[in-house]
Amino acid sequence: MESELQRALQLRGTLYKGVDPALLGQLAASAEKHGLAAKQAAAAFDKFMTVQRSDSQSVSAADVAAFLAGNHLARAGGSRPQPLGAARTNFFDRGSLEDMVMGELGGGAEGAENEGSAAAQPASQRITPYLSKVAPQRPSLTPRAHTPTTGGKFAERQNAGAVVASLNAHLELPAGGSEGAEAMELDGPAAAAAAGGSAQQRCAVEVLGRPMGPSDKYMVDRLDDKVAFLEERIVAAEEAAAAALGCDVHPVAAAAQQASLFVGRICCDAEGGRLNPQSLLLEGSQRSSGGARVRLDVSRLPSFRLFPGQVVALRGTNPSGHCVVAAQLLPGLAAPPARTPLAELAGYAAATGRGGQSLVAAAGPFTSSEDLEYAPLGVLLGYCAAQAPPPDVLLLLGPFVDAEHPLVKGGLLEESFEELYASRVLGQIARFSAAVGGRTRVLLVPSTRDVLSPPVLPQPPLGAPSAAQPPASLPLANPSTLRLNEVVLGCTSADWLMACNREEAAKAAPGEERLPTLAAHLAAQRCYFPLFPPPLDSPLDCARGAAALAMPVSPDLLVLPSDLAPFAKLCLVHTPEAAAAAAVAAAQAEAAAGEAGGAPAPAAAPQQPAASAVCINPGRLTKGASGGTFAHIHILPLPEALAVASGAPAATNAALPHQLDKRCRVDIKRI
């Protein structure tokens, strides 16, 4: 035993060469007493010498005496390997290895003294595993109840609950808020069917399209994937434009003396340059134009808004084959807006009552920059719980554990990211869901600034142990398109408004509002992030982008959190029907000019489309150390649906447009 112990010690360093045989005998006898092998005893003694005798040049009798007095071998014996044939409860994982390596030593007067001095040191000074005196805790599978403490500048915020922006403020809500009349107060078969439903059935949530899944493999982005992503968008726009306008698409590099239809992607003539009216290029598809690029002249357009990556359809000429002169620009062709049969709308009206749906939307960060108490999130959940009844849906967009938070960025956390998310976020959501009886469905959308999610667009849903996920919560991909009853909602935590605002080249029309027009680009492009190349802080996975970033249907409601000023506006959606009407008007104007014998005048901007979407920037829940804003949305039922739900005969069996712009009230409030 002594010779084996000597060899095991010498393998661990030159400090143990020439150790007194009598001391080796004492160590060997104690190891045999506790049933330890030579390697285990050597590991325990080396750990003791590294931590408590780091200045020793050799092993002395006092070192061995202090080691034996500390009873370290007894504790090492409690964690020795099980004999062969014994049932193993589990394999080594990260937590068990850290527990074994970083376990407390303690014992003895000198050991207690060293332990106290080490504990007094800040965590940043513990530079080796042996010097850490705090045994790591394994992440809990269930969210711990955390009660945030409110302090600092957030507690001193002013005008909490004040409305900073609103939309359709003239719409009056039934007495008591959005709850109004419950389903049982209505008459008719639809109301009777809804009366037997539970409160959780007031708002049905359905995910549309093909968002990123939790098990999808991605972030392997090849050059072919980027080409295919861009080509697919241009080809889809060509087909939509040709079908809407009733004419073929002309190659961008082929000469055209007569007014023709051109479709292509907006590019800049300089790599990494800033877009302006003199640097515009139009890139055609591989299928129709061989990927050729030509200059784009927009000097004859009364107004335009263009950004890199935007796919446009325009009417104009190309006299030389090297420059397209635009006479009329269609910023995009949005997918057809959703429609719902009247009988189905009546069923939703019967389930929600005259008060309709209620939705609260907020975007992170959800904690002050001074701490990680997540007090703003607690205040928001308290606001929702105080509503009578609480909102049907609570939409939370990341970041939840912000990579830019000073404490996270500085590595000053006392717990892991997973524990922080489980206790501060999921724990408070679980307590809120229990308080409201599961009536509010909580939707969680990650952000590229989340430390728990890969920083790339599109993103899969935030992962969490099944025991930690509150039953009423639903993790979603970023971006996501949802159906809340009949309402189609599109949301992404990517700051599209800021990114497009930095890159856009514009000649604004009189009276045009900038922020709603920026939001309208998404529906017109049928994509949640059409900017290409993307900004450095928003990496784009083109292999998954074609499906996960696409809008399967034009949303009625767009939630686009941004660092820009919060707002709630109506944004115009350029539908194929509007494009066809604009083309007919342009053709009539050209024919009239030809009959008069003069040159055709520049085409006016397309008429305002009939379809409008509600676009909301709820702002950030916190701005540095102070509070921010959130949005409370009330969606009233259609009058026709209420009438049918009350027993009146249906006037039509056709599917009806949702007309959310006329029945949606939005209040953006200070937290």
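From a predicted model like this one, the values you see are computed outputs, not experimental measurements. (Residues numbered from 1 in each chain as written. Predicted model: local features only at pLDDT ≥ 70, side-chain atom pairs only at ≥ 80, totals over all residues. Heavy atoms only, no water.)

K.L.:
I tried to follow the overall build of the protein chain on my own but got confused; where do I start?
P.N.:
A tally of helices and strands in the protein chain yields 21 helices and 24 strands. Within the protein chain, residue pairs in contact and separated by at least 24 positions form 79% of the contacts whose partners lie at least 6 positions apart. (Helix = DSSP H or I, 4+ residues; strand = E, 2+ residues; numbered from the N terminus. Contact = heavy atoms within 4.5 Å.)

K.L.:
Can you walk me through the nonpolar core in this structure?
P.N.:
Generally speaking, soluble globular proteins have nonpolar side chains that are buried together. With 35 residues, the main nonpolar core has Trp496, Leu497, Phe529, Leu540, Leu560 and Cys615 as its most contacted residues. Sorting the residues of this core by element identifies helix 10 (223–245), helix 16 (496–503), helix 17 (514–525), strand 18 (567–572) and strand 19 (612–617) as the ones contributing at least two each. The leading source of residues in this core is helix 17, at 6 residues. (Core = buried A, V, L, I, M, F, W, Y, C linked by side-chain atoms within 4.5 Å. Buried < 20%, exposed > 50% of the residue type's maximum accessible area, 1.4 Å probe, protein only.)

K.L.:
What is the right way to read the sheet that holds strand 11 (residues 393–397) from this model?
P.N.:
In a beta sheet, neighbouring strands are held together by backbone hydrogen bonds and run either parallel or antiparallel to one another. Taken in spatial order, the 7 strands of this open sheet run 1-24-22-10-11-12-13, and their pairing is mixed. With partners counted over all chains shown, the strands left at the sheet margins are strand 1 (163–167) and strand 13 (473–475), one partner each. Strand-to-strand twist across the sheet, computed as the mean angle between neighbouring axes with direction ignored, equals 15 degrees. Looking at chain direction, strand 10 (residues 357–363) and strand 11 are connected through 5 bridges and run parallel. Looking at strand 11, one finds that Ala362 is bridged to Leu396. (Pairing = 2+ DSSP bridges. Axes fitted to C-alpha atoms, helices over the stretch in contact; angles between N-to-C directions.)

K.L.:
Which parts of the structure should I look at to understand the sheet that holds strand 18?
P.N.:
An order of 2-14-15-17-19-18 is seen for the 6 strands of this open sheet, with the pairing classed as mixed. Looking at strand neighbours, the two that pair on one side only are strand 2 (205–208) and strand 18, the edges of this open sheet. On average, adjacent strands in this sheet sit at an angle of 25 degrees to one another, irrespective of strand direction.

K.L.:
Whenever I open this one, the side chain of Gln428 confuses me. Can you help?
P.N.:
Inspection of the secondary structure assignment puts Gln428 in helix 15 (residues 417–435). Residue classification places Gln428 among the buried residues on the basis of a relative accessible area of 4%. Within polar-contact distance, the side chain of Gln428 engages the backbone nitrogen of Gly378 at 3.5 Å. (Polar contact = N/O pair within 3.5 Å; in protein donor to acceptor, adjacent residues only side chain to side chain.)

K.L.:
Got a minute to help me understand the packing of helix 16 against helix 17 in this structure?
P.N.:
How two helices pack is summed up by the angle between their axes together with the distance between the axes. Following both chains from N to C, one finds helix 16 and helix 17 inclined at 105 degrees, their axes separated by 10 Å at the closest point. Viewed along their axes, helix 16 and helix 17 adopt a mutual orientation that is roughly perpendicular. Contacts between helix 16 and helix 17 pair Trp496, Leu497, Cys500 and Asn501 from the former with Arg514, Leu515, Leu518, Ala519, His521 and Leu522 from the latter. (Parallel < 35°, antiparallel > 145°, perpendicular 65-115°, else oblique.)

K.L.:
Explain the confidence of the model for the protein chain to me, please; I cannot follow it from the model alone.
P.N.:
Should the pLDDT be low somewhere, the predicted coordinates at that spot are not to be read in detail. The predicted model of the protein chain averages 82 in pLDDT, with 79% of residues at 70 or higher. Taken as a whole, residues 177–181 scores under 50 in pLDDT and shows 16 contacts with residues more than four places along the chain or in a different chain. (pLDDT = per-residue confidence, 0-100.)

K.L.:
When you look at the environment of Ile633 in this model, what are you seeing that I'm missing?
P.N.:
Assignment of secondary structure puts Ile633 in strand 22 (residues 629–635). Setting aside residues up to four positions removed in sequence, Ile633 forms contacts with Gln357, Ser358, Leu359, Leu557, Ile616, Cys664, Arg665 and Val666.

K.L.:
Help me out: how do you make sense of unusual backbone geometry in this one?
P.N.:
Most of the time, phi is negative for any residue but glycine, and the peptide bond is trans. Cis geometry marks the peptide bond from Asn478 to Pro479; its omega dihedral reads 0 degrees. By the secondary structure assignment, Pro479 is in the loop between strand 13 and strand 14 (480–484). The peptide bond linking Phe532 to Pro533 adopts the cis configuration, its omega dihedral lying at 0 degrees. Notably, Asn168 is not glycine yet its phi reads approximately 55 degrees, a positive angle. Counting through the fold element by element, Asn168 comes out in the loop between strand 1 and helix 9 (189–195).

K.L.:
What is the right way to read the pattern of salt bridges from this model?
P.N.:
On inspection of all chains with the given rule, the structure shows 18 salt bridges. A salt bridge links Arg265 to Glu283, with the nearest nitrogen and oxygen atoms 3.0 Å apart. In this pair, Arg265 sits in strand 3 (residues 256–268) while Glu283 sits in strand 4 (residues 280–283), placing the two residues 18 residues apart along the sequence. Neither residue differs from the other here; Arg265 and Glu283 are each classed as buried. In this structure, Glu504 engages Arg305 in a salt bridge whose closest nitrogen and oxygen atoms are separated by 2.7 Å. Taken together, the positions of Glu504 in the loop between helix 16 and strand 16 (505–507) and Arg305 in strand 6 (residues 304–306) put the pair 199 residues apart, joining distant regions of the chain. The same class applies to Glu504 and to Arg305, which are both buried. Sharing partners across several salt bridges, the network here consists of Glu238, Glu239 and Arg287. (Salt bridge = Lys/Arg side-chain N within 4 Å of Asp/Glu carboxyl O.)

K.L.:
I tried to follow helix 16 on my own but got confused; where do I start?
P.N.:
Think of an α-helix as 3.6 residues a turn; residues three or four steps apart then line up on the same face. Turning to helix 16, its buried residues number three or more, namely Trp496, Leu497, Met498, Ala499 and Cys500. Along its buried surface, helix 16 packs onto helix 17, strand 18 and strand 19.

K.L.:
What is the right way to read the packing of aromatic side chains from this model?
P.N.:
The relative placement of two aromatic rings is captured by the distance of their centres and the angle of their planes. Applying the stated criterion across every chain yields a total of 9 aromatic pairs. Pairing Tyr16 with Phe45 gives two aromatic rings, centres 6.0 Å apart and planes at 55 degrees, and the pair type is tilted. One end of the pair, Tyr16, is in the loop between helix 1 (2–10) and helix 2 (21–33); the other, Phe45, is in helix 3 (residues 38–52), and 29 residues separate them in sequence. Here the two residues Tyr16 and Phe45 agree in accessibility, since each one is buried. Taking 6.0 Å as the distance between ring centres and 65 degrees as the angle between the ring planes, the aromatic pair formed by Phe400 and Tyr421 counts as edge-to-face. With Phe400 in the loop between strand 11 and helix 14 (406–409) and Tyr421 in helix 15, the pair connects residues that are 21 residues apart, well separated along the chain. Taken together, the ring pairs connect Tyr16, Phe45, Phe48 and Phe67 into an aromatic cluster. Here the guanidinium or amino end of Arg157 rests over the ring plane of Phe154, the centre of that ring lying 4.1 Å away. (Phe/Tyr/Trp six-rings, centres within 6.5 Å; stacked < 30°, edge-to-face > 60°. Lys NZ or Arg CZ within 6 Å of the ring centre and 35° of its normal.)

K.L.:
Hey, could you run me through the environment of His405 in this one?
P.N.:
On the secondary structure map, His405 appears in the loop between strand 11 and helix 14. Residues His405 and Asp371, 34 residues apart in the sequence, show an inter-C-alpha distance of 9.0 Å. With residues near it in sequence (within four places) discarded, His405 still touches Thr367, Ser368, Ser369, Asp371 and Leu372. Separated by 2.8 Å, the side chain of His405 and the backbone oxygen of Ser368 make a polar contact.

K.L.:
Looking at this model, I keep getting lost on empty space enclosed by the protein. Mind explaining?
P.N.:
One water molecule sets the probe size; rolling that probe over the atoms shows where empty space is left. Evaluation of the coordinates by the stated rule reveals 4 cavities of 30 Å³ or more. Here the largest cavity defines a volume of roughly 80 Å³. Around the largest cavity sit 14 residues that line it, and Tyr348, Thr352, Glu486, Pro637 and Arg663 are the ones nearest its centre. Take the lining of the largest cavity: its biggest share by element is 4 residues, from helix 12 (residues 342–352). Taken together, the residues of the lining of the largest cavity sort by class into 8 nonpolar, 4 polar and 2 charged. (1 Å grid on protein atoms, 1.4 Å probe; cavity = no way out; pocket = protein on both sides within 12 Å on 5 of 7 lines; lining within 4 Å. Points joined across faces, edges and corners; volume = space filled by probe spheres on them. Nonpolar A, V, L, I, M, F, W, Y, C, P; charged D, E, K, R; others polar.)

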